[in-house]
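If you want the building blocks of each chain, they are given just below.
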Amino acid sequence: DAGITQSPRHKVTETGTPVTLRCHQTENHRYMYWYRQDPGHGLRLIHYSYGVKDTDKGEVSDGYSVSRSKTEDFLLTLESATSSQTSVYFCAISPGTERGEQYFGPGTRLTVT
Amino acid sequence: SQQGEEDPQALSIQEGENATMNCSYKTSINNLQWYRQNSGRGFVHLILIRSNEREKHSGRLRVTLDTSKKSSSLLITASRAADTASYFCATDAGNTPLVFGKGTRLSVIA
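Residues numbered from 1 in each chain as written. Chains lettered and ligands numbered in written order. Predicted model: local features only at pLDDT ≥ 70, side-chain atom pairs only at ≥ 80, totals over all residues. Heavy atoms only, no water.

Colleague: I'd like to hear about the state of the cysteines, residue by residue, with values.
Modeller: The final tally for this structure, using the stated rule, is two disulfides over all chains. Across the disulfide, Cys 23 of chain A is cross-linked to Cys 91 of chain A (sulfur-sulfur distance 1.8 Å). Taking the sign of the S-S torsion, about -70° here, the bridge from Cys 23 of chain A to Cys 91 of chain A comes out left-handed. Here Cys 23 of chain A, found in strand β3 (residues 19-25), pairs with Cys 91 of chain A, found in strand β9 (residues 87-94); they are 68 residues apart in sequence, far enough to count as distant. The burial state of Cys 23 of chain A is the same as that of Cys 91 of chain A; both residues are buried. Between the sulfur of Cys 23 of chain B and that of Cys 89 of chain B lies a disulfide, 2.1 Å long from S to S. Between Cys 23 of chain B and Cys 89 of chain B the sulfur-sulfur dihedral comes to about 65°; the bridge is accordingly right-handed. Of this pair, Cys 23 of chain B sits in strand β3 (residues 19-24) while Cys 89 of chain B sits in strand β9 (residues 85-92); the two residues are 66 residues apart in sequence, bridging distant segments of the chain. Taken as a pair, Cys 23 of chain B and Cys 89 of chain B share a single burial class, namely buried. (Disulfide = S-S within 2.5 Å. Helix = DSSP H or I, 4+ residues; strand = E, 2+ residues; numbered from the N terminus. Buried < 20%, exposed > 50% of the residue type's maximum accessible area, 1.4 Å probe, protein only.)

This is the structure we're talking about:
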């Protein structure tokens with residue numbers, strides 16, 4: 001399995017609080033991604049990174065920001081969490097292009113009350 | 001918005017039978033990939049087929065791609081209970097990262 005970890009694995013937070021999710025890889029892959037998975041919507045891309053300090057928006061980026069200061073870490077921040085951001089969040093990495101095979105982390109279940 | 005759309009949404013078969021699920025997409029692609037997700041856990045890459053390929057095999061998996069119909073199928077032969085999972089197609093349209101479909105839930109009954 002690719003070396004990808006996500007932390008925390010579960011989190012419950014209140015509406016309006018900031019939340020940061022961390023994705024850490026040991027594969028030295030260039031590309032990293034944050035997705036959310038919701039019933040009826042499948043897997044949707046939030047943001048992705050193609051290098052240190054290089055990021056771009058995905059399909060559902062509103063309300064989220066990301067940072068990548070090191071190759072191995074990709075942080076996803078919800079500045080002010082809302083109930084609509086209750087979801088399962090997955091991080092993924094890929095070595096080649098942003099359109100190649102991806103390896104996924106175990107997911108973070110976030111509940112915003 | 002979703003590029004690929006899997007069909008059926010859910011499929012239930014007996015162990016030993018073959019399972020076929022389909023993916024249709026809207027725009028031209030460079031490649032199409034299939035992933036498996038077990039019980040809400042992480043996704044596992046199964047196979048990638050390029051736009052100039054028509055068929056690809058990996059173990060009990062067979063993937064076909066028909067670019068004229070903008071569709072792909074994933075066949076799992078001699079299914080096992082351990083194949084119970086959700087299966088997703090993901091398309092590379094060339095100018096954005098992969099776009100995933102909503103998945104097919106496969107249940108293999110022992």
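After that view of the structure, there is still more to cover.
Colleague: So what's going on with the layout of surface pockets? Residues and values would help.
Modeller: Put simply, the largest pocket is a space of about 520 Å³. Lining the largest pocket are 22 residues; nearest its centre among them are Asp 38, Pro 39, Gly 40 and Gly 42 of chain A together with Lys 102 of chain B. Sorting the residues of the lining of the largest pocket by element identifies β4 (31-38) of chain A together with β1 (5-7) and β9 of chain B as the ones contributing at least two each. Top element by residues in the lining of the largest pocket is β1 of chain B. It accounts for three residues. (1 Å grid on protein atoms, 1.4 Å probe; cavity = no way out; pocket = protein on both sides within 12 Å on 5 of 7 lines; lining within 4 Å. Points joined across faces, edges and corners; volume = space filled by probe spheres on them.)

Colleague: Please give an account of the interface of chain B and chain A that cites residues and values.
Modeller: Each partner contributes residues to the interface: chain B has 22 residues there, and chain A has 20 residues. Summed over both partners, the interface of chain B with chain A comes to about 1500 Å²; 55% of that surface belongs to carbon and sulfur atoms. On the chain B side of the interface with chain A, the three residues burying the most area are Phe 43, Pro 97 and Phe 100 of chain B, jointly 34% of the side's total. Inspection of the chain B/chain A interface yields zero salt bridges. Taken together, the links from chain B to chain A amount to three residue pairs in polar contact (both at pLDDT 80 or more). (Contact = heavy atoms within 4.5 Å. Buried area = accessible area lost by both parts, 1.4 Å probe. Salt bridge = Lys/Arg side-chain N within 4 Å of Asp/Glu carboxyl O. Polar contact = N/O pair within 3.5 Å; in protein donor to acceptor, adjacent residues only side chain to side chain.)

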